[in-house]
Amino acid sequence: GAVVSQHPSWVICKSGTSVKIECRSLDFQATTMFWYRQFPKQSLMLMATSNEGSKATYEQGVEKDKFLINHASLTLSTLTVTSAHPEDSSFYICSASKAGLPYEQYFGPGTRLTVT
Amino acid sequence: SQQGEEDPQALSIQEGENATMNCSYKTSINNLQWYRQNSGRGLVHLILIRSNEREKHSGRLRVTLDTSKKSSSLLITASRAADTASYFCATNFGNEKLTFGTGTRLTIIP
């Protein structure tokens with residue numbers, strides 16, 4: 001096992017609203033979770049790294065007040081896109097790693113966000 | 001940017017042929033991994049090769065690593081239609097973060 005789920009798989013929201021994406025590790029405890037963003041036909045760009053019970057570490061250029069990350073338990077992390085704009089439309093993918101195995105990341109299926 | 005480069009960007013081959021894609025990176029690494037992504041889906045881990053390894057096999061996959069050239073290659077033998085996907089290399093630079101390459105879009109023609 002090492003299954004990671006994301007919910008929702010796709011979401012459409014209006015400009016100015018907020019949307020929350022959940023990332024769950026279903027059969028293991030995820031000490032670290034990662035959030036990536038992927039534009040069409042491009043690679044994955046790391047947005048932030050979160051450890052259970054502590055604040056997320058954001059990559060340079062990622063607005064922490066816009067992309068709120070909460071890693072409340074060893075099986076759940078959430079990404080909230082606040083005051084969404086059309087340019088936030090993207091594919092968001094989370095991954096999780098187990099304690100002691102930081103290099104092995106298990107990826108969720110992704111969430112397609114469209115902001116109208 | 002630390003992002004690696006992959007080439008070719010796109011590759012189309014006939015089913016049954018072998019597919020080779022290459023990845024180059026910029027700094028020293030601890031390990032290099034290859035992932036597959038089907039269209040609109042998440043990533044599937046294929047293989048991890050450590051910096052002190054030169055070659056690794058897994059089923060129809062063969063990965064090589066040349067740290068002196070800062071490059072890796074992924075060979076898929078006897079390709080199948082189901083291999084159609086994007087393939088990404090990803091490297092660790094001493095911590096848990098993965099830095100992904102630009103990806104190769106592989107199309108297998110039945």
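Draft legend 1. Expanded view of the overall build of chain A. A count of helical and extended segments in chain A gives 0 helices and 11 strands. For chain A, the α and β elements follow one another from N to C terminus as β-β-β-β-β-β-β-β-β-β-β. Relative to the 2.2 N^0.38 estimate, which gives 13 Å for 116 residues, the radius of gyration of chain A is 13 Å and therefore close to what a compact globule would have. Once the C-alpha set of chain A is aligned to its principal axes, its extents read approximately 40 × 25 × 25 Å. For chain A, with 116 residues in total, the buried portion stands at 47%. At a minimum sequence separation of 6, the contacts of chain A that also span at least 24 residues come to 55%.

Draft legend 2. Focus on the overall build of chain B. From N to C terminus, chain B includes 0 helices and 11 strands. The order of α-helices and β-strands along chain B, N terminus first, is β-β-β-β-β-β-β-β-β-β-β. Looking at chain B as a whole, 44% of its 110 residues are labelled buried. Across chain B, every contact between residues at least 6 apart in sequence was considered, and the portion connecting residues at least 24 apart equals 54%. Taken as a whole, chain B presents about 5,200 Å² of accessible surface, with 43% of it coming from carbon and sulfur. Between the mean site of the 13 positive side-chain charges and the mean site of the 10 negative ones, chain B shows a separation of 4 Å.

Draft legend 3. Up close: the packing of aromatic side chains. Tallying each qualifying case throughout the model produces 8 aromatic pairs over all chains. The ring of Phe28(A) has Lys98(A) lying over it, and the distance from NZ or CZ to the ring centre is 5.6 Å.

Draft legend 4. Representation of the side chain of Thr91(B). For Thr91(B), the position within the fold is in strand E9 (residues 85-92). Contacts of Thr91(B), omitting those with residues within four sequence positions, involve Tyr25(B), Ile29(B), Asn31(B), Leu32(B), Lys97(B), Leu98(B) and Thr99(B).

Draft legend 5. Region of interest: the sheet that holds strand E8 (residues 71-76) of chain B. Residue and element names in this part refer to chain B. Spatial ordering of the open sheet is given by E1-E3-E8-E7-E6, a layout of 5 strands whose pairing is antiparallel. The sheet terminates laterally at strand E1 (5-7) and strand E6 (55-58), the two strands that pair on one side only. The mean angle between the axes of side-by-side strands here comes to 15°, regardless of whether they run parallel or antiparallel. Looking at chain direction, E6 and strand E7 (residues 61-66) are connected through 4 bridges and run antiparallel. Bridge pairing links Ser-58 to Leu-61 in E7.

Draft legend 6. Region of the structure containing the confidence of the model for chain A. For chain A, per-residue confidence averages 93 on the pLDDT scale, and 100% of positions sit at 70 or higher. The secondary structure element of chain A with the lowest average pLDDT is strand E10 (residues 101-107) of chain A, at 83, and the one with the highest is strand E11 (residues 111-115) of chain A, at 97.

Draft legend 7. Inspection of the interface of chain A and chain B at higher detail. The interface of chain A with chain B comprises 21 residues on the first partner and 21 residues on the second. With both chains or domains summed, chain A and chain B bury close to 1,600 Å², and 54% of this area falls on carbon and sulfur atoms. For the interface between chain A and chain B, the tally reads 1 salt bridge. Here chain A is connected to chain B by 4 residue pairs in polar contact (both at pLDDT 80 or more). Looking at the side of chain A that touches chain B residue by residue, the class counts come to 11 nonpolar, 7 polar and 3 charged.

Draft legend 8. Highlighting the environment of Glu15(B). Residues and elements named next belong to chain B. Mapped onto the secondary structure, Glu-15 falls in the loop between strand E2 (10-14) and strand E3 (19-24). Of the residues examined, Glu-15 reaches a relative accessible area of 40% and is grouped as partly exposed. Between the C-alpha atoms of Glu-15 and Asn-92, which are 77 residues apart in sequence, the distance is 33 Å. For Glu-15, the residues in contact, after removing those within four places along its chain, are Ser-79, Arg-80, Ala-81, Ile-108, Ile-109 and Pro-110. Only 3.3 Å separates the side chain of Glu-15 from the backbone nitrogen of Ala-81, close enough to count as a polar contact.

Rules and cut-offs
- Residues numbered from 1 in each chain as written.
- Chains lettered and ligands numbered in written order.
- Predicted model: local features only at pLDDT ≥ 70, side-chain atom pairs only at ≥ 80, totals over all residues.
- Heavy atoms only, no water.
- Helix = DSSP H or I, 4+ residues; strand = E, 2+ residues; numbered from the N terminus.
- Rg over C-alpha atoms; globule rule 2.2 N^0.38 Å.
- Buried < 20%, exposed > 50% of the residue type's maximum accessible area, 1.4 Å probe, protein only.
- Contact = heavy atoms within 4.5 Å.
- Areas by Shrake-Rupley, 256 points an atom, 1.4 Å probe, with all protein chains shown as cover.
- Lys, Arg positive; Asp, Glu negative; His and termini not counted.
- Charge placed at Lys NZ, Arg CZ, Asp CG, Glu CD.
- Phe/Tyr/Trp six-rings, centres within 6.5 Å; stacked < 30°, edge-to-face > 60°.
- Lys NZ or Arg CZ within 6 Å of the ring centre and 35° of its normal.
- Pairing = 2+ DSSP bridges.
- Axes fitted to C-alpha atoms, helices over the stretch in contact; angles between N-to-C directions.
- pLDDT = per-residue confidence, 0-100.
- Buried area = accessible area lost by both parts, 1.4 Å probe.
- Salt bridge = Lys/Arg side-chain N within 4 Å of Asp/Glu carboxyl O.
- Polar contact = N/O pair within 3.5 Å; in protein donor to acceptor, adjacent residues only side chain to side chain.
- Nonpolar A, V, L, I, M, F, W, Y, C, P; charged D, E, K, R; others polar.

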